[in-house]
Amino acid sequence: MSTLMKQQSYDLLKNADIQTILQTLEDELKSKEESPFWKDRVIPFSQAILSVLIPLRDANMLFSPEGIAQDELTPELFLKWSDLVSLKTLAFTIQKSNEAGVLLRTELNENVCKNYKSIDLKILGDYLSKNSINLQNEFLDFPIANYNLHQGVSSVIKSLL
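Residues numbered from 1 in each chain as written. Predicted model: local features only at pLDDT ≥ 70, side-chain atom pairs only at ≥ 80, totals over all residues. Heavy atoms only, no water.

S.K.: How do you make sense of unusual backbone geometry when you look at a structure like this?
M.R.: Leave glycine aside and you will find that most residues have negative phi; peptide bonds, for their part, are mostly trans. Here the phi dihedral of Asn60 falls at roughly 55°; this positive angle occurs in a residue that is not glycine. Examined against the element boundaries, Asn60 turns out to sit in the loop between helix 3 (36-58) and helix 4 (75-81). Judged by relative accessible area, Asn60 falls into the exposed class, the value being 61%. Even without a glycine there, the phi angle at Arg105 is positive, about 60°. Looking at the element boundaries, Arg105 is found in the loop between helix 5 (84-100) and helix 6 (110-114). (Helix = DSSP H or I, 4+ residues; strand = E, 2+ residues; numbered from the N terminus. Buried < 20%, exposed > 50% of the residue type's maximum accessible area, 1.4 Å probe, protein only.)

Given below as structure tokens:
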């Protein structure tokens, strides 16, 4: 997959701030002439994901949905987190980590996890709530239609990266 991804996408996700990344995605959407249906969904979805991944990246605490340490934020890692089930798990992982004051549910080095600083979950939480994701009970399912819709959004994002 990485051979299909533009080098610019790697550099952007590795170094840029959230606004620069979102603006680049928006510019790409315009240049590809995607339908408004997708345009209206890609940026809020990307913002929700990046609102957590960028602080983790900047703290050198990135991990995959499987909890494995990651050296940098890549298009592949971004796309792994764009799965709605993974994103829901990320929200609960960060919520529990915020409460504990240490990064939980990962295989990162214990000393690294102790340096965890609380991450604001408002953007991600608002996004998930709008998409019928229960933020009180991690084990409650959500409508399959929402999952399918987000698979489509992920496909559009993949075409942009």
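S.K.: Any chance you could explain the nonpolar core here in plain terms?
M.R.: General note: in soluble globular proteins, nonpolar side chains tend to be found buried as a group. Judged by nonpolar contacts, the single largest core of 46 residues is most densely connected at Leu50, Leu53, Leu56, Phe78, Leu90 and Ile94. Of all elements in the fold, only helix 1 (7-15), helix 2 (18-32), helix 3, helix 4, helix 5, helix 7 (122-130) and helix 8 (144-160) reach the threshold of two or more residues within this core. Per element, the largest residue contribution to this core is 10 residues, and it comes from helix 3. Residue contacts for Leu50: discarding those within four places in its chain leaves Leu13, Ile18, Ile21, Leu22, Pro55, Leu73 and Phe78. (Core = buried A, V, L, I, M, F, W, Y, C linked by side-chain atoms within 4.5 Å. Contact = heavy atoms within 4.5 Å.)

S.K.: Sorry if this is basic, but what is going on with the packing of aromatic side chains here?
M.R.: Aromatic ring pairs are described here by two measures, namely the spacing of the ring centres and the angle between the planes. Here the structure, examined in full by the defined rule, presents three aromatic pairs. Both rings, one in Phe45 and one in Tyr127, keep their centres 5.5 Å apart while their planes meet at 35°; by these two values the pair is tilted. With Phe45 in helix 3 and Tyr127 in helix 7, this residue pair connects regions lying 82 residues apart in the sequence. Assigned by exposure class, Phe45 and Tyr127 land together as buried. (Phe/Tyr/Trp six-rings, centres within 6.5 Å; stacked < 30°, edge-to-face > 60°.)

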